[in-house]
Amino acid sequence: MAATKIYVVYYSMYGHVAKLAEEIKKGAASVEGVEVKLWQVEETLSEDVLVKMGAPSKTDVPIITPNELAEADGVLFGFPTRFGMMSAQFKAFMDATGGLWRTQALAGKPAGIFYSTGSQGGGQETTPLTAITQLVHHGMVFVPIGYTFGAGMFEMEKVKGGSPYGAGTYAGDGSRQPTDLELEQAFHQGKYFAGIAKKFKGSA
């Protein structure tokens, strides 16, 4: 049987979501018979604005076009939070998937979500919860991680991003980087999601 093709599609302004995406890719690639590709969505802000915001240069991860989503057997979407919802850059990308919606080209494909917020009350649950509407309109099958990450889900001594919806991290003022535990959760999400996507493809 052909390999299960998983796309990890993200937007990252300061690099936090990009770090999670790399770990998710590693986790998914650890499952036999799975091919994983990293993509980023197009930036909507001008270079001048990005410089004023102190955003570093983007990595060389290729930019995805909406139609390329249809090639994947499963997709993991990652984005930072803006006021408790996905960032405008990612929403602009989703808004451009109207052609795929008309043909329901993504219907039945598994999808997962990961994210970054600035603070502990900044949307670790509202961001994925509100993002699910995008998947619903496409008829995609949302795959949360639930509590499959085990003891890591119950960490109370240290600040830890993520939730049953998916892997997450906190950026703080931008200087805080994803912790080892947050990266382990991202790896777990990739591996867990890949296993489910593989089952979907096998039973299709």
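Residues numbered from 1 in each chain as written. Predicted model: local features only at pLDDT ≥ 70, side-chain atom pairs only at ≥ 80, totals over all residues. Heavy atoms only, no water.

A. Just the overall build of the protein, in detail. Along the backbone of the protein there are 6 helices and 7 strands. When the helices and strands of the protein are placed in sequence order, the string is β-α-β-α-β-β-α-α-β-α-β-β-α. A compact globule built from 204 residues should have a C-alpha radius of gyration of about 17 Å, and the protein, at 16 Å, falls within 12% of that. Taking the principal axes of the C-alpha coordinates as reference, the protein spans close to 45 × 40 × 30 Å. Within the protein, counting contacts between residues at least 6 apart in sequence, those at least 24 apart form 76% of the total. Here the protein holds 18 positive side-chain charges and 20 negative ones, and the gap between their average locations is 4 Å. (Helix = DSSP H or I, 4+ residues; strand = E, 2+ residues; numbered from the N terminus. Rg over C-alpha atoms; globule rule 2.2 N^0.38 Å. Contact = heavy atoms within 4.5 Å. Lys, Arg positive; Asp, Glu negative; His and termini not counted. Charge placed at Lys NZ, Arg CZ, Asp CG, Glu CD.)

B. Structural detail: the pattern of salt bridges. Taken as a whole, this structure holds 5 salt bridges when the rule is applied. As a salt-bridge pair, Glu23 and Lys26 come within 2.8 Å of each other at their nearest N and O atoms. Of this pair, Glu23 and Lys26 both sit in helix H1 (residues 16–29), 3 residues apart, which is roughly one turn of the helix. When its relative accessible area of 16% is taken as the criterion, Glu23 is described as buried. By relative accessible area, Lys26 is classed as partly exposed at 46%. Among the ionic pairs, Asp95 bridges to Lys91, the shortest N-O distance being 2.6 Å. Remark: Lys91 and Asp95 occur in helix H3 (residues 88–95); sequence separation between them is 4 residues, near one turn of the helix. Accessibility expressed as a relative area gives 51% for Asp95, which makes it exposed. (Salt bridge = Lys/Arg side-chain N within 4 Å of Asp/Glu carboxyl O. Buried < 20%, exposed > 50% of the residue type's maximum accessible area, 1.4 Å probe, protein only.)

C. Structural context of the environment of Gly121. The residue Gly121 is located in the loop between strand E5 (110–117) and helix H5 (126–138) in this model. Exposure remark for Gly121: the relative accessible area of 77% places this residue in the exposed category. Spatially, the C-alpha atom of Gly121 lies 8.8 Å from that of Gly84, the residues being 37 residues apart in sequence.

D. The arrangement of the pairing of strand E3 (residues 74–82) in detail. Extensive coverage of E3 is indicated by the burial of 8 of its 9 residues. Across 5 bridges, strand E1 (residues 4–10) lies against E3 in parallel orientation. Across the sheet, Tyr10 pairs through a bridge with Gly78, a residue of E3. Here E3 runs beside E5; their pairing, made up of 6 bridges, is parallel. (Pairing = 2+ DSSP bridges.)

E. The arrangement of the nonpolar core in detail. If you look at the biggest cluster of nonpolar residues, it comprises 27 residues, and the most contacted ones within it are Val9, Ile64, Leu69, Val75, Phe77, Phe90 and Phe93. Of all the secondary structure elements, the ones that give two or more residues to this core are E1, E3, H3, E5 and H5. Setting aside residues up to four positions removed in sequence, Phe77 forms contacts with Val9, Leu69, Phe90, Met94, Ala111, Gly112, Ile113, Phe114, Leu135 and Met140. Counting 24 residues, the second-largest nonpolar core is a separate cluster that includes Val17, Ala28, Val61 and Ala186. (Core = buried A, V, L, I, M, F, W, Y, C linked by side-chain atoms within 4.5 Å.)

F. Inspection of the layout of surface pockets at higher detail. Of the volumes computed, that of the largest pocket is approximately 250 Å³. Looking at the largest pocket, it is lined by 16 residues, and the ones nearest its centre are Met153, Lys160, Gly162, Ser163 and Tyr170. Within the lining of the largest pocket, the residues separate by chemical class into 7 nonpolar, 5 polar and 4 charged. Counted as a void, the second largest pocket has a volume near 210 Å³. Mapped by element, the contributors of at least two residues to the lining of the second largest pocket are H1, E3 and E5. At 3 residues, the largest contribution of residues to the lining of the second largest pocket is made by E3. Taken together, the residues of the lining of the second largest pocket sort by class into 5 nonpolar, 10 polar and 2 charged. (1 Å grid on protein atoms, 1.4 Å probe; cavity = no way out; pocket = protein on both sides within 12 Å on 5 of 7 lines; lining within 4 Å. Points joined across faces, edges and corners; volume = space filled by probe spheres on them. Nonpolar A, V, L, I, M, F, W, Y, C, P; charged D, E, K, R; others polar.)

G. Highlighting a nonpolar patch on the surface. Judged by side-chain polarity, Tyr14, Leu45, Val49 and Met53 come together as a nonpolar surface patch covering roughly 300 Å² of accessible area. Structurally, Tyr14 can be placed in the loop between E1 and H1. (Patch = residues over 30% accessible without salt bridge, like charges linked within 9 Å, V, L, I, M, F, W, Y side chains within 5 Å. Areas by Shrake-Rupley, 256 points an atom, 1.4 Å probe, with all protein chains shown as cover.)

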